[in-house]
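# Commentary on secondary and tertiary structure
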Amino acid sequence: MSNYDFTKIEDKWQTYWQKNNVFSSVVDESKPKYYVLEMFPYPSGRIHMGHVRNYTIGDVIARYRMQAGYNVLHPIGFDAFGQPAENAAIKHNTDPKEWTEKCISWMVKELKHMGFSYDWQRELSTHRDEYYRWNQWIFLKMMEQGLAYKKASSVNWCSSCETTLANEEVVNGGCWRCKTEIIQKDLNQWYLKITDYQDDLLEDLQKLENWPERVITMQKNWIGKSFGVEILFKEFETKQEIPVFTTRQDTIFGATYMVVAPEHPILKQIIKGNQQEQQVLDFIETTSKKSKVVRVSTDLKKEGVFTGAYAINPVNNEKIPIWTADYVLMEYGTGAIMAVPTHDQRDFLFAKDQALSMRIVISNPQKPELAIDELKQAYEDPGILVNSAQFNGLDNETAKAKIADWMEQEKIGKRTIFFRLRDWLISRQRYWGTPIPVIYCDKCGVVPVPEKDLPVALPEKIAITGEGGSPLLKVKEFVNVNCPKCNAPAQRETDTMATFIDSSWYFLRFCSPRNEQAAFDKTEANYWMRVDQYIGGIEHAVLHLLYSRFFTKFLNSIDMVDFKEPFDKLLTQGMVLKDGEVMSKSKGNIVDPDEMIKQFGADSLRVCILFAAPPEAEFDWNERGMDGAWRFLNRVWTLAQDMIALKQSATKQQIMGFEKEVEFKTHSAIKKISHEMRGGFKFNTAISAMMELTNTLVPAIKQAQEANVLNSVLEDAISNLIIMLSPITPHMCEELWQEMGNNTSIVKTNWPEFDLKKLELDELEIVLQINSKVRSRMMVEAAISEQDLKLKARQDPVIQKWIEAKPVKKIIVIKGKLVNIIV
RNA sequence: GCCGAAGUGGUGGAAUGGCAUACACGUCGGUCUCAAAAACCGAUGGUCGUGAGGCCUUGUGGGUUCGAAUCCCACCUUCGGUACCA
């Protein structure tokens, strides 16, 4: 039997799907809806194995849902703005738009070769003005609400990309894209006030029951809510207030010094004219030169100097020295801390180093007599308060509450909540992005572009040199405009928006991608959303997934959508590695999916990538997997061909003896595979169940061939196998389905239901154990009583040998599984 | 440091309290062939034994249980996240 001709078949069905609009979706209230979405790609031109994995998973889920009776939305688009296009422009003197569009057309072709079930009529790309004008519209809406604003601040700057970056885009102190070390710059930039939603973003995480735990944890940590008290310390001479933030107010009687950040505005005032002034100024100078990476690196010794000034601890009026040190950051809390070296490890190390005094205020219940000299590290665990005036004897958790109450009464402190989350810096000094729709007028100030003037189109075919700041600055026709308010000459904003804006709402645009009146049609969005199953890489755990949640909450607040969370279920697929490393051009270890398709076909590639590992796990690409997949498909192909041929020639229907087993295997496969398709998503085991079924059917069909008979049990089993395999290898299954005499697409065929009766066997194999060790097994009728089972077990010859003369203490029976005899 | 996940044959992996190693890959043997490839059939955790068969085995050590890869405790290793966050 010849191998199946995948090139011809795959081409045939891809054309068929396209011509017949098999995957186009419209609102249909008569069916339950299912929105399955994979994170859309950046159009780099070529799809890689990561894409193949991501989109194959999505495709299998989408196709399964279609067969299971759902109205499925499964769209694709391109996240087309961003730096690679611009960098290519600088390097090869190409036009970013042309480059991007060429890349998109390549990628569309490759995606189509994989046979994905996308509704291509909904394709979108973020670089088209029909899309990005709505970025501008949303920005204006945020401006109206005071959520988009401009401020001067110290920002993250990547000198290689020549642009600012959001905090979320700084990874290990470097640029997320090019890993260049980030420096701080003072610039006047646009921000989105994501912090307005910090509580909702945190609380609603609890509702995301179908998200991986680690993504939730990462977002929680990123938002970083901490409960504590802001305490008012006073500078000794000037009586100026220096608030400190602490979560450990229970340790305040142990505060033996204070530390302010080197950037703290009060620092220069309190040192003015004193002996320490020069030393402190020098220290500020040296720390400011250190990059954040260096300053934050863990094992570095904490540096600091005494300021010469003192503070008063408001709880006991103690005079404590004020230090400045690099381990206190201006960005967090109040930029000043009370230092309790006995109960905070950082303070402990610093105090030891600078020989500062310490006082124990929480005693360790295990070693209450512990003395300061014996302290090897700070004691940060729970304990009982000592040396703490009226609070002595309380356990520290109770003391936290009592001290906070007391401070609020005495007006020396108040309960405060601090977040780690900062507003989202969105201006980028780059060309290939959405222009920020704002005009600067000498008279009117910052003027938003009126809605009717949208889009603010990105000028095309301009010179991009990579030098001298934002390319748009040099485009006079773009920059020079008249003020929309007073008509006087004015200038446009030349920064563009961060591209993460584009991806923060594209899932909504997919619901009505051609709408020209609005970002999206509200009714359609409310029908299709939320995304039922979202699939993408873990690298977006914070960035894209947090921003999209923020946008959804904002759009909900202005009544554009009825829901507050965009993604119901989230699957984060693992990376595809090669020899333990990420595939990349520079390492030269890229496996080209197109090459695999040419050699083995898209169906084999789809099987290979799903069978290698469960979707969440990382896996190392191994070419051998392709051979295995190819072999399996040929086995199924031959099996089906044999059945089709037999149907023509078979002389009669006849019971062959394998029916019980075939039915059992078929229905346990239906049960198992349905479970994985619905939400287990362990496609590797779903495929292995199909392999097992195939391994049962191949000998059965051989037997039938020899007798030249066929029966409906075998026929049904094979047709169920083809249906269940079709989401994974759609081309081959469509072809077989047609050859088996069907004239509609297999996508329109109902998913099989399993019959519990077929899973009941007349006879079962029972494992026999002696003292919990397997010694024998026996066949019994399924209906056997417990009494008879025990009796029969004891009669088993092997068991009898093991029991011999020993007294039986106990017999444990697990119905349908085993008998364990304890002697 | 903290948080999280994981550790099973030569390899990818399966089994979430009841037959450890399903399903594949690889390897070995066979059929077919002048030969090879493909395909098909069979074997394949370790160890002792001529054999029947025994014993051991899910990172390590302990515990719970008639029974543990699975639950609990401690430790080791690997990976991921995060980090002077007060």
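Above this note sits the structure.
Quick look at the structure, then. (Residues numbered from 1 in each chain as written. Chains lettered and ligands numbered in written order. Predicted model: local features only at pLDDT ≥ 70, side-chain atom pairs only at ≥ 80, totals over all residues. Heavy atoms only, no water.)

A tally of helices and strands in chain A yields 25 helices and 34 strands. In terms of its C-alpha atoms, chain A occupies a principal-axis envelope of roughly 110 × 90 × 50 Å. Out of the 823 residues belonging to chain A, those deemed buried represent 54%. When contacts within chain A are restricted to residue pairs at least 6 apart in sequence, those whose partners lie at least 24 apart make up 73%. Accessible surface, chain A as shown: approximately 37500 Å² in total, 49% of it carbon and sulfur. Put simply, chain A has 101 plus and 110 minus side-chain charges, and the middle of one group is 2 Å from the middle of the other. (Helix = DSSP H or I, 4+ residues; strand = E, 2+ residues; numbered from the N terminus. Buried < 20%, exposed > 50% of the residue type's maximum accessible area, 1.4 Å probe, protein only. Contact = heavy atoms within 4.5 Å. Areas by Shrake-Rupley, 256 points an atom, 1.4 Å probe, with all protein chains shown as cover. Lys, Arg positive; Asp, Glu negative; His and termini not counted. Charge placed at Lys NZ, Arg CZ, Asp CG, Glu CD.)

Let's shift gears to the nonpolar core. The tendency in soluble globular proteins is for nonpolar side chains to be buried side by side. Within the largest apolar cluster, 100 residues are counted, with the highest numbers of intra-cluster contacts made by Met-49, Trp-621 and Ile-722. Residues in contact with Trp-621, not counting those within four places in the same chain, are Met-49, Val-576, Leu-577, Lys-578, Met-583, Val-591, Met-596, Leu-605, Cys-608, Ile-609 and Met-626. Core analysis: the second largest hydrophobic core is formed by 91 residues, Met-142, Leu-192, Leu-205 and Leu-458 among them. (Core = buried A, V, L, I, M, F, W, Y, C linked by side-chain atoms within 4.5 Å.)

Read across the open sheet, the 3 strands follow the order 29-28-30; overall the sheet is mixed. The open sheet terminates on both sides in strands that have one partner only, identified here as strand 29 (581-582) and strand 30 (619-620). In this structure, strand 28 (residues 576-578) lies alongside strand 30, joined through 2 bridges in parallel fashion. Bridge assignment links Leu-577 to a residue of strand 30, and that residue is Asp-620. (Pairing = 2+ DSSP bridges.)

Attention now goes to the pairing of strand 11 (residues 241-246). Both faces of the sheet carry side chains from a regular strand, because those side chains alternate between them. Of the strand pairs in this sheet, strand 10 (residues 225-235) and strand 11 are connected by 6 bridges, and their pairing is antiparallel. Paired with Ile-231 across the strands is Val-244, a residue of strand 11. Hairpin connection between strand 10 and strand 11: a loop of 5 residues separates the two successive antiparallel strands, and Lys-239 in this loop has a positive phi of roughly 65 degrees.

Along the polypeptide, Asp-423 turns up in the loop between strand 18 (413-419) and strand 19 (424-425). Of the buried charged residues, Asp-423 lacks a salt bridge, with Lys-151 as the closest side chain of opposite charge at 5.3 Å. Polar contacts involving the side chain of Asp-423 include one to the side chain of Tyr-149, which spans 2.5 Å. Beyond its immediate sequence surroundings of up to four residues, Asp-423 is in contact with Tyr-149, Tyr-191, Leu-192, Lys-193, Ile-194 and Thr-195. (Salt bridge = Lys/Arg side-chain N within 4 Å of Asp/Glu carboxyl O. Polar contact = N/O pair within 3.5 Å; in protein donor to acceptor, adjacent residues only side chain to side chain.)

Moving on, we get to a negative patch on the surface. A contiguous patch of negative charge, built from Asp-579, Glu-581, Glu-618 and Asp-620, is present on the exposed surface. In this structure, Asp-620 sits in strand 30. (Patch = residues over 30% accessible without salt bridge, like charges linked within 9 Å, V, L, I, M, F, W, Y side chains within 5 Å.)

Right, let's talk about the environment of Ala-793 for a bit. Positionally, Ala-793 belongs in helix 24 (residues 786-795). On the basis of relative accessible area, Ala-793 is assigned to the buried category, the value being 0%. Contacts of Ala-793, omitting those with residues within four sequence positions, involve Leu-768, Met-778, Ile-799, Val-819 and Ile-821.

This part takes up helix 18 (residues 602-611). Along helix 18, 9 of the 10 residues are buried, which leaves the element largely enclosed by surrounding structure. Three or more residues of helix 18 are buried, namely Ala-602, Asp-603, Ser-604, Leu-605, Arg-606, Val-607, Cys-608, Ile-609 and Leu-610.

A word on the environment of Ile-426. Locating Ile-426 in the fold gives a position in the loop between strand 19 and strand 20 (427-428). Expressed as a C-alpha distance, the spacing of Ile-426 and Asp-495, which sit 69 residues apart in the sequence, is 9.2 Å. If we ignore the near neighbours within four places in the chain, the residues touching Ile-426 are Phe-139, Trp-190, Tyr-191, Leu-192, Thr-496, Met-497, Ala-498 and Ile-501.

Let's shift gears to the packing of helix 7 (residues 213-223) against helix 16 (residues 543-557). Two quantities define a packed helix pair, namely the angle between the helix axes and the distance between the axes. Where helix 7 contacts helix 16, the axes come no closer than 10 Å and their chain directions differ by 75 degrees. Our classification of the angle between helix 7 and helix 16 gives roughly perpendicular. Residues Val-215, Gln-219, Trp-222 and Ile-223 of helix 7 form the contact with helix 16, whose own contacting residues are Leu-545, Leu-546 and Arg-549. Looking at side-chain class alone, the contact of helix 7 with helix 16 contains 5 nonpolar, 1 polar and 1 charged residues. (Axes fitted to C-alpha atoms, helices over the stretch in contact; angles between N-to-C directions. Parallel < 35°, antiparallel > 145°, perpendicular 65-115°, else oblique. Nonpolar A, V, L, I, M, F, W, Y, C, P; charged D, E, K, R; others polar.)

Further remarks concern the packing of aromatic side chains. With the rule as written, the count across this model stands at 42 aromatic pairs. Taking the centre distance of 6.2 Å and the plane angle of 80 degrees together, the rings of Tyr-55 and Phe-116 count as edge-to-face. With Tyr-55 in helix 2 (residues 49-67) and Phe-116 in the loop between helix 4 (96-113) and strand 4 (124-125), this pair connects stretches of sequence that are 61 residues apart. A centroid spacing of 5.6 Å and a plane angle of 45 degrees characterise the contact between Phe-81 and Tyr-132, whose relative ring orientation is tilted. On the criterion of sequence distance, the pair formed by Phe-81 in the loop between strand 3 (77-78) and helix 3 (83-92) and Tyr-132 in helix 5 (residues 129-144) is long-range, its members being 51 residues apart. (Phe/Tyr/Trp six-rings, centres within 6.5 Å; stacked < 30°, edge-to-face > 60°.)

Here the focus is the sheet that holds strand 2 (residues 71-73). Reading across from one edge, 2-1-26-27 is the order of the 4 strands in this open sheet, with parallel pairing throughout. Strands at the two margins of the open sheet, each flanked by one partner only, are strand 2 and strand 27 (567-573). Here the strands of the sheet are splayed against their neighbours by 20 degrees on average, with no regard to which way each runs. Sheet topology note: the strand 1 (residues 33-38)/strand 2 ladder contains 3 bridges and is parallel. Pairing of Tyr-35 across the sheet is with Leu-73, part of strand 2. Its contacts with the sheet place helix 2 against strand 1, strand 2, strand 26 (531-537) and strand 27, and it is angled at close to 175 degrees to strand 1. Packed on one face of the sheet, helix 16 meets strand 26 and strand 27 and runs near 170 degrees to strand 27.

On to the pattern of salt bridges. Per the stated rule, a full pass over the model turns up 32 salt bridges. Between Asp-59 and Arg-63 there is a salt bridge, and its shortest N-O distance comes to 3.0 Å. Here Arg-63 and Asp-59 lie together in helix 2, a separation of 4 residues that amounts to about one turn. Given the relative accessible area of 3%, Arg-63 is considered buried. Taking the shortest distance from any N to any O, the salt bridge between Asp-344 and Arg-346 comes out at 2.7 Å. For Asp-344, a relative accessible area of 16% corresponds to the buried category. When salt bridges with common partners are traced through the structure, they connect Asp-204, Lys-207, Arg-549, Lys-553 and Glu-565 into a single cluster.

All right, on to the side chain of Glu-169 then. Position of Glu-169 relative to the elements: it lies in the loop between strand 6 (163-165) and strand 7 (170-171). Separated by 2.5 Å, the side chains of Glu-169 and Arg-428 make a polar contact. In contact with Glu-169, other than residues within four places in its own chain, are Gly-174, Cys-175, Trp-176, Arg-428, Phe-500 and Leu-543.

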